[in-house]
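# Fold and contact review
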Amino acid sequence: VIPAAFEYTAPSTVDEAVRALSDAGEDAKVLAGGQSLLPVLRLRLAAPTVVVDLGKIAELRGVREDGDALVIGAMTTHYDVQRDHLVAEHATLLARATDTVADPQVRHRGTFGGSLAHADPAGDLLAPALALDAEMVIAGTAGRRTVPAAEFFQDLFTTALAPDEILVEVRVPKFTGWRAHYEKFNRVAQAWSMVAVAATVRTERDTIAQARIALTNMASTPVRATAVEQALVGQAATVENIRAAAAHAAEGTSPTPDGNADVEYRQELARVLTGRALSAAVTA
Amino acid sequence: MTATIEPEVGKARARKEDARLITGRTRWTDNIVLPGMLHLATVRSPIAHAEIAHIDTSAARDIPGVLAVYTGADLDAEQSGMPCAMPVNGDATAPRHAPVAVDKVCFAGDIVAIVIARDAVTAEDAVAAVDVDYRELPVVLDMEAALADDAPLVHPELGTNKWAFFAFDSAEAGTGSSADEAIAAAERDPDSVVVKRRFRQQRVMPAFMEPRSVVVDPTGEQLTVWSSTQVPHILKTMAALTLGLPEHKIRVIAPDVGGGFGGKLQVTREEMLAILAARRLGRPVKWTEGRSESLLAAHHGRDQIQHITIAARRDGTVTALKAELLADMGAYLGLFTPAIPVFGAFMYNAIYKFPAYHFAVTDVFTNKTFTDAYRGAGRPEATFAVERIMDELAAELGVDPLQLREKNWIKHEEFPFTTVAGLTYDSGNYEAATEKATGLFDYDGLRREQAERRQRKDPVQLGIGISTFTEMCGLAPSRVLGQLGAGAGGWEHASIRVLPTGKVEVVTGTSPHGQGHETAWSQIVADQLGVPFEDVEVLHGDTQVSSKGLDTYGSRSLAVGGIAVVKAAEKVVAKAKRVAAHLLEAAEEDLEFSGGRFAVKGTDQGVTIQEVALATFTAHNFPEGMEPSLDADYTFDPENFSFPHGTHLCATEVDTETGRVTIRKYVCVDDIGAVINPLLTEGQVHGGLAQGISQALFEEAVYDDSGTLTTGTLADYLVPSAIDLPHYVTARTETRATSNPLGVKGVGEAGTIASTPAVVNAVLDAVRHLGVRDIEMPCSPMRVWAAVHRGQSDAGGPGAEAGGGLGSIDASGGAQ
């Protein structure tokens, strides 16, 4: 109900935030939108000594263009991502996935960077970040470094971030003109994904020229469905071809069984939902 | 005011409670703050079954701001045991249900110590600092396993995990013939069929919006208890009996209460502990639970295994019904725990003319949170079983399930009808409700679409589910409760006070917690006394004001409490008439009362009830020998239950590739008798449907194999929101109850009782042709998928890890 006592600091620059984290040592937590951290604190599943709130750092919010990439501030809320015209145009897949995050209240509070740094395998923004080859820009005491999504997500709730580092922005290459769909499967609207499929394709006439597909909650990290991608490229965008390619969706996945889905069922869902995601994407 | 005034009863008025409830500008228990108030928090066992080896409270006591830490041993001389008002098992001594466990914990959530501190934060910190050593014992979680000879015993002093056995047999009762004989005969008869099924009523949690809260002030002459409860009057009496307090020294107040659904039909350990702590420390004490504490420790509902046998002739005529249940009590007995299945015992036969009926329930203890009332309390379980088995019988016979029902139900012209369970249904019209429902539903059209989808092997199959339900409301004729061994009657009380200015105060012994009694009672009294709706104030929930009552549950408030209001109003009018006659210098029999005015027949002379009220107040010119008061009381004890009924039709689309169930169309036609306010009844039906549908598709309290509740947050326990539920097509037929002057039956539980089997029947109807015989509730996507693809009916059931949600969050992870 009531979190254990902690020190709270709300720096106004990234440098101050990094210093605060570095000073606090391993028992510090970064507070972004709070949609995952606050419940954990209130359940006393976590008891950090220091909470560093990024909410007052203006430079961490917003979406801008930088050449052939979009740069999305880590503290940009889901709501702001969802309605951003640059994201809609150049990273349609991310926009569609963000549409499905929880409910309007959560989307107004929760942040893109917070979701990625939390690295819940059932979170909806990890798979799009992986599919789009997003790059994570990380600030630490030694300066800034950039980590590709494929290396950023390391395990369940575990990323490349060191305890004294902060995810400051996400560089998403432009996928202008790509069609996209995020097919999410959960039991009630506000629940986490049991399985979801992020699919984006570039079609030339009726042929699939390029495809990028990543799966949510099919392993301890998001997974690229490379076998499906390979099977699709150069194929006509027909129901039969999509179904044949989607049959590869579970290859290389290692989902965790739970009360909502065992392994066999999750893998079957991945195949079915990949087919549906692709069918929706090619007609989007 | 004229005689042509529009009646209030029947008007779709928005609730007068809405402004304060919706804006939250009201008094809930948790926002009561008293000078010097202390905060109580509980230390709960994380282990389902263990001896308490040692409790070290020293570190907690040392925290500044902590006033006391009490263990079971510290409180044992005073804490007594929690009451069970209807133990069912007359001869046996119920196992002690101590507010704080003394030697042994029996479920994960049992209280082992309480902390009292100056503020809530310190109290929580101190809870974390109490160190308890447990010696773990083997757990027993499954009812069937609990009855095995070598099962670990929840209460070793009983020598068994079986608590009580209750049976009803129509041959023994003389209300019908022998079910066993009829079933045996049917098994021998080639022209008959016997269908047996095992149904599982999963455990669910009431999940009321406002968590429980109690504040106790011991500083006045009366000990004052505020509690978020459905039952302030029962709490007052039970607190006196449990703790040995003089009843007249206790005042209980249920301020605005944010929902209950039966979950607050309880006298709680925490209420008793707050009283004990406040008395010991001489200062006000507050306890408010968090959501997870509520899900863990407030009583749960349902949790039965039902073995149902139905016999019928091949022409569809039913010949016998047998219901044999196991009911999970959990670890202890609450106020009505063993009574819940008994409240359903007389409803399994439902609307059908079974000539033979047998019911039996065996109550079982397990190492889980105790169960008790949850919306419908026994009747949803009964309705589920009979409506499911009627569909199974229809499938066995190859007939339309609606036609099978029609062949067997009580015809409209057969009312009043005494059933095989011995109840007399006063009224009903199943034909009318069903005809209206099938029309709104387009039953024939959907059946055609279903056939067409089957034909082309559509991955999305359509199913139609039916529930032609009835229930018994209006708890209850006191003599019936007495026969069932209850510790109280079933009457209800009302008082009407006519103020000098002609305004009216109505005091009700019912205790609303979201239903809208203030609005409905005002409408009733406005018509009875001919006063404006706005001139009526309804008072409730404070035992100093409402001195007598039996509170709100079992859809009883209107059918019992509302009648008490009418009867009290009739007494007011009778008194006022005598005064009016005196003032008008006329004979009483020459007066007529209409629209709030007493008129001398055939003249333009008259007085209003407000004028009579003022004349009564002044009493200057008053009838000789008459007490100068118009006020009146009435305590109404119903002669019979009331029997709402209806026809619910559900069409589901079942995606055979993913197992997802989507409700395509839901039509319900409820017959709840006369309606006081159609907006309120519509709200009750909507909320009831949500809860019943949710049991069918979403909710389940799951324990892992060690007895840990894995659905302990609302991220893991799936309560649907509006977007997860369909648009409801609701309609009514109106067959008035003949057992009360308003003709009302009750509506609070109808939607919940009716909808669960309608949904599950629809799911099965969609996939039965694929070889699926049963799918356990909730019909989750995995369960439906596994039923279609593996022939398994209970995938992902109890013992499983929670799926996703906060249960999956690793505390060491990188939460941001």
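Note on numbering: residues in each chain are counted from 1, in written sequence order. By the order in which they are written, chains take letters starting at A while ligands take numbers starting at 1. Reporting of local features is limited, given that this is a predicted model, to residues whose pLDDT is at least 70; pairs of side-chain atoms are given and counted only at 80 or more, and all residues count toward the totals for whole chains, interfaces and linings. Hydrogens and waters are ignored; side-chain quantities use all the structure's heavy atoms.

### Here's the deal with the overall build of chain A
Helices and strands together make up the secondary structure of chain A, namely 12 helices and 14 strands. As a reference, a globule follows 2.2 Å times the number of residues to the power 0.38, and the radius of gyration itself is taken over C-alpha atoms. Against the 2.2 N^0.38 benchmark of 19 Å for 284 residues, chain A shows a C-alpha radius of gyration of 19 Å, consistent with a compact globule. Think of it in three bands: with a 1.4 Å probe and only protein chains considered, a residue is buried below 20% of the maximum accessible area for its type, exposed above 50%, and partly exposed in between. Counting only residues that meet the buried cut, chain A has 57% of its 284 residues in that class. Throughout, a residue-residue contact means that at least one pair of heavy atoms, one from each residue, lies within 4.5 Å. Taking as baseline every contact in chain A between residues at least 6 positions apart, the subset at least 24 positions apart corresponds to 62%. Where accessible areas are quoted, they stem from the Shrake-Rupley method and a 1.4 Å probe; at the residue level, only the protein chains shown are allowed to cover. Carbon and sulfur atoms make up 47% of the accessible area of chain A, which amounts to about 11,200 Å² in all. When charges are counted, Lys and Arg are positive and Asp and Glu negative, with His and the chain ends excluded. To locate a charge, take NZ of a lysine, CZ of an arginine, CG of an aspartate or CD of a glutamate. Averaging the positions of the 26 positive and the 35 negative side-chain charges in chain A gives two centres separated by 5 Å. A run of DSSP states H or I qualifies as a helix once it reaches four residues; a run of E qualifies as a strand once it reaches two. Both are numbered from the N-terminal end.

### Re the overall build of chain B
On a plain count of helices and strands, chain B comes out with 22 helices and 28 strands. For 816 residues, the compact-globule formula gives about 28 Å, and the C-alpha radius of gyration of chain B, at 28 Å, lands near that figure. Principal axes of the C-alpha set define a box for chain B whose edges measure 85 × 75 × 55 Å. The burial tally for chain B puts 63% of its 816 residues in the buried class. Considering only contacts within chain B whose residues lie at least 6 apart along the sequence, 79% involve residues at least 24 apart. Here chain B holds 72 positive side-chain charges and 108 negative ones, and the gap between their average locations is 2 Å.

### Some remarks on the pairing of strand 9 (residues 213–217) of chain B
Residue and element names in this part refer to chain B. Counting buried positions along strand 9 gives 5 out of 5 residues, so the element sits mostly inside the fold. Burial along strand 9 is two-sided: Ser-213, Val-215 and Asp-217 and Val-214 and Val-216, pointing in opposite directions, are all buried. Both strand 9 and strand 10 (residues 223–227) contribute to a ladder of 4 bridges, which runs antiparallel. Of the residues in strand 10, the one forming a bridge with Val-214 is Ser-227. Linking two consecutive strands that pair antiparallel, namely strand 9 and strand 10, is a turn of 5 residues. Two strands qualify as a pair provided DSSP detects at least 2 bridges between them.

### Looking at the interface of chain A and chain B
Across the boundary between the two partners, chain A contributes 42 residues, which contact 43 residues of chain B. Buried area is a sum: the accessible area each of two parts loses on coming together, probed at 1.4 Å, counted once for each and added. Both sides of the chain A and chain B interface together cover about 3,600 Å² of buried area, and 59% of this is carbon and sulfur. Three residues stand out in chain A for area buried against chain B, namely Phe157(A), Arg187(A) and Tyr265(A), and they jointly supply 18% of the buried area on that side. Salt bridges are defined by distance alone: a side-chain nitrogen of Lys or Arg within 4 Å of a carboxyl oxygen of Asp or Glu. Between chain A and chain B we count 5 salt bridges in total. Its salt-bridge partner being Arg276(A), residue Glu657(B) comes within 2.9 Å of it at the nearest N-O pair. For this analysis, a polar contact is any N or O atom pair within 3.5 Å, provided that within protein one partner can donate a hydrogen and the other can accept it, and provided that sequence-adjacent residues contribute only side-chain to side-chain pairs. Seen at the junction of chain A and chain B, the total is 10 residue pairs in polar contact (both at pLDDT 80 or more).

### Some details on the sheet that holds strand 14 (residues 223–224) of chain A
Residue and element names in this part refer to chain A. The 4 strands are arranged 11-12-13-14 in an open sheet whose pairing can be described as antiparallel. Strands at the two margins of the open sheet, each flanked by one partner only, are strand 11 (179–185) and strand 14. Relative to strand 12 (residues 195–204), strand 11 is paired through 7 bridges, and the arrangement is antiparallel. The residue bridging Arg-179 from the neighbouring strand is Val-201, located in strand 12.

### Side note on the packing of aromatic side chains
Residue and element names in this part refer to chain B. Aromatic pairing here means that ring centres of Phe, Tyr or Trp (its six-membered ring) are within 6.5 Å. Orientation follows from the plane angle: under 30 degrees is stacked, over 60 is edge-to-face, and everything else is tilted. Inspection of the entire model under this criterion finds 19 aromatic pairs over all chains. For the pair Phe-336 and Phe-343, a centre-to-centre distance of 6.2 Å together with 55 degrees between the ring planes defines the contact as tilted. Note on geometry: a ring has a charge over it if NZ (lysine) or CZ (arginine) is within 6 Å of the ring centre and within 35 degrees of the ring normal. We note Arg-280 situated over the ring of Tyr-70; from NZ or CZ to the ring centre the distance is 4.7 Å.

### Section: the packing of helix 17 (residues 517–529) of chain B against helix 18 (residues 557–584) of chain B
All names here are of chain B. Only C-alpha atoms enter the line fits that serve as axes; for helices the fit covers just the stretch in contact. Angles between N-to-C directions range over 0 to 180 degrees. Where helix 17 meets helix 18, the closest approach of the two axes is 10 Å, and the angle between their N-to-C directions is 30 degrees. By the angle between their directions, the pair helix 17 and helix 18 is classed as roughly parallel. When the axes of helix 17 and helix 18 are compared, the crossing they make is right-handed. Each of His-517, Trp-521, Ile-524, Val-525, Gln-528 and Leu-529 in helix 17 lies in contact with helix 18, whose residues at this interface are Ser-557, Leu-558, Gly-561, Gly-562, Val-565, Val-566, Ala-569, Glu-570, Val-572 and Val-573. Gly is put with the polar residues, along with every residue not named as nonpolar or charged; the nonpolar set is Ala, Val, Leu, Ile, Met, Phe, Trp, Tyr, Cys and Pro, and the charged set is Asp, Glu, Lys and Arg. Considering only residue class, the contact of helix 17 with helix 18 consists of 10 nonpolar, 5 polar and 1 charged. Under this scheme an angle from 65 to 115 degrees is roughly perpendicular, one under 35 degrees roughly parallel, and one over 145 degrees roughly antiparallel; angles in between are oblique. In this scheme the crossing of two helices becomes right-handed for a clockwise turn of the near helix relative to the far one and left-handed for an anticlockwise turn of less than a right angle.

### Some remarks on the sheet that holds strand 1 (residues 38–44) of chain B
Residues and elements named next belong to chain B. Ordered in space as 3-5-1-12-9-10-11, the 7 strands form an open sheet in which the pairing is mixed. Edge strands, defined here as strands with exactly one partner in the open sheet, are strand 3 (66–71) and strand 11 (250–253). Neighbour to neighbour, the strand axes of the sheet diverge by 20 degrees on average, direction disregarded. Helix 4 (residues 120–129) contacts strand 1, strand 3 and strand 5 (111–117) of the sheet and is inclined by roughly 25 degrees relative to strand 1.

### A closer look at helix 14 (residues 430–441) of chain B
Residue and element names in this part refer to chain B. One less than the number of residues in a helix, times 1.5 Å, gives the span that helix is expected to have. Taking 1.5 Å of rise per residue, the 12 residues of helix 14 would be expected to cover 16 Å, and the 16 Å separating its terminal C-alpha atoms lies within 8% of that figure. Turning to helix 14, its buried residues number three or more, namely Tyr-430, Ala-433, Thr-434, Ala-437, Thr-438 and Phe-441. Down the axis of helix 14, the buried side of the element spans an arc of 125 degrees, and every buried residue falls inside it. Seen from the open side of helix 14, the exposed residues pointing more than 90 degrees away from its buried face are Glu-435 and Gly-439. On its buried face, helix 14 sits against helix 13 (401–408), strand 17 (424–425), helix 15 (443–455), strand 18 (460–470), strand 26 (645–655) and strand 27 (661–671). Taking the helix axis as origin, the arc is that swept by the directions to the C-beta atoms.

### Observations concerning the pattern of salt bridges
The tally for this structure, following the rule as stated, stands at 73 salt bridges over all chains. Arg266(A) serves as the salt-bridge partner of Asp258(A), at 3.2 Å between the closest nitrogen and oxygen. For Asp258(A), a relative accessible area of 15% gives the class buried. The residue Glu392(B) makes a salt bridge to Arg388(B) at a minimum N-O spacing of 3.0 Å. Of this pair, Glu392(B) and Arg388(B) both sit in helix 12 (residues 379–397), 4 residues apart, roughly one helical turn. A residue is classified by how much of its surface remains accessible, and Glu392(B), at 1% relative accessible area, is buried. Using a relative accessible area of 0% as the deciding quantity, one classes Arg388(B) as buried. Taken together, the shared-partner salt bridges connect Glu449(B), Glu452(B), Arg453(B), Arg456(B), Asp458(B), Glu653(B) and Arg664(B) into one network.

### What to know about the environment of Val40(A)
Residues and elements named next belong to chain A. Along the chain, Val-40 turns up in helix 2 (residues 37–42). Judged by its relative accessible area of 2%, Val-40 falls in the buried class. In this structure the C-alpha to C-alpha distance between Val-40 and Gln-210, which are 170 residues apart in sequence, comes to 41 Å.

### What about the side chain of Thr735(B)?
Residue and element names in this part refer to chain B. With respect to the helices and strands, Thr-735 occurs in the loop between strand 28 (728–732) and helix 21 (750–767). Among the polar contacts listed, one links the side chain of Thr-735 to the side chain of Asp-671, at a separation of 2.6 Å. Those residues in contact with Thr-735 that lie beyond four places of it in its chain are His-412, Ser-427, Gly-428, Asn-429, Asp-671, Gly-673 and Lys-745.

### Brief notes about the nonpolar core
Grouping buried Ala, Val, Leu, Ile, Met, Phe, Trp, Tyr and Cys residues that are joined through side-chain atoms within 4.5 Å yields what is termed a nonpolar core. Grouped together as the largest cluster of nonpolar side chains are 151 residues, with contacts concentrated most on Tyr348(B), Phe359(B) and Tyr666(B). Judged by nonpolar contacts, the second largest core, of 45 residues, contains Ala520(B), Val536(B), Val600(B) and Met626(B).

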